[in-house]
Amino acid sequence: MKIKRYSKNLFGKKIVCIVFGHQFIETKKVNIHFSEFECSYCKMQATNDKIGKKTALTNELKEINETLSYLNLKKEFVKRFYYSKKD
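The following paragraphs examine the structure supplied in this document.

## A closer look at the pattern of salt bridges
In this structure the tally under the stated criterion is one salt bridge. Of the charged contacts in the structure, one is a salt bridge between Lys-79 and Glu-76, with a shortest N-O distance of 4.0 Å. In this pair, Lys-79 and Glu-76 are both assigned in helix H2 (residues 59-81), three residues apart and thus about one turn of the helix distant.

See below:
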């Protein structure tokens, strides 16, 4: 009985996305150009592509975003500690 209610509830949430479109919320800021998003209704994950449009988040894109995030962190670390202004 509970399984049917759960599937109806999930189906209802997907209907909302089909009719009104996804309601994306930013979940992770990769760098200044790329972010990861998640729909608040159906939990679909998306990311920006090189043009700036949102595309479905695949495993390959997730790995790329993790690498970009790591490189951005490394760049900030080097910039802050090795090239800081000396007064």
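## Here's the deal with the side chain of Asn-65
Tracing the chain through its elements places Asn-65 in helix H2. In this structure, Asn-65 is in contact with Val-30, Glu-36, Thr-47 and Leu-57, ignoring residues within four places of it in sequence.

## Digging into the pairing of strand S3 (residues 45-48)
Here strand S2 (residues 35-39) pairs with S3 via three bridges, running antiparallel. Its bridge partner lying in S3, Glu-36 is registered against Thr-47. The turn linking S2 back onto S3 is made up of five residues, and Lys-43 within it adopts a positive phi angle of 65 degrees. Note that S3 and strand S4 (residues 54-56) share three bridges and pair antiparallel.

## Looking at the sheet that holds S4
Spatially, the four strands line up as an open sheet ordered S1-S2-S3-S4, and their pairing is antiparallel. Both edges of this open sheet fall to strand S1 (24-29) and S4, since each of them pairs with a single strand only. Each strand of the sheet is rotated relative to its neighbour by a mean of 35 degrees, with strand direction disregarded. Docked against the sheet, H2 engages S1, S2, S3 and S4, running at close to 55 degrees with respect to S3.

Calculation notes
- Residues numbered from 1 in each chain as written.
- Predicted model: local features only at pLDDT ≥ 70, side-chain atom pairs only at ≥ 80, totals over all residues.
- Heavy atoms only, no water.
- Salt bridge = Lys/Arg side-chain N within 4 Å of Asp/Glu carboxyl O.
- Helix = DSSP H or I, 4+ residues; strand = E, 2+ residues; numbered from the N terminus.
- Contact = heavy atoms within 4.5 Å.
- Pairing = 2+ DSSP bridges.
- Axes fitted to C-alpha atoms, helices over the stretch in contact; angles between N-to-C directions.

Spatial relationships are all this shows, so hold off on functional conclusions.
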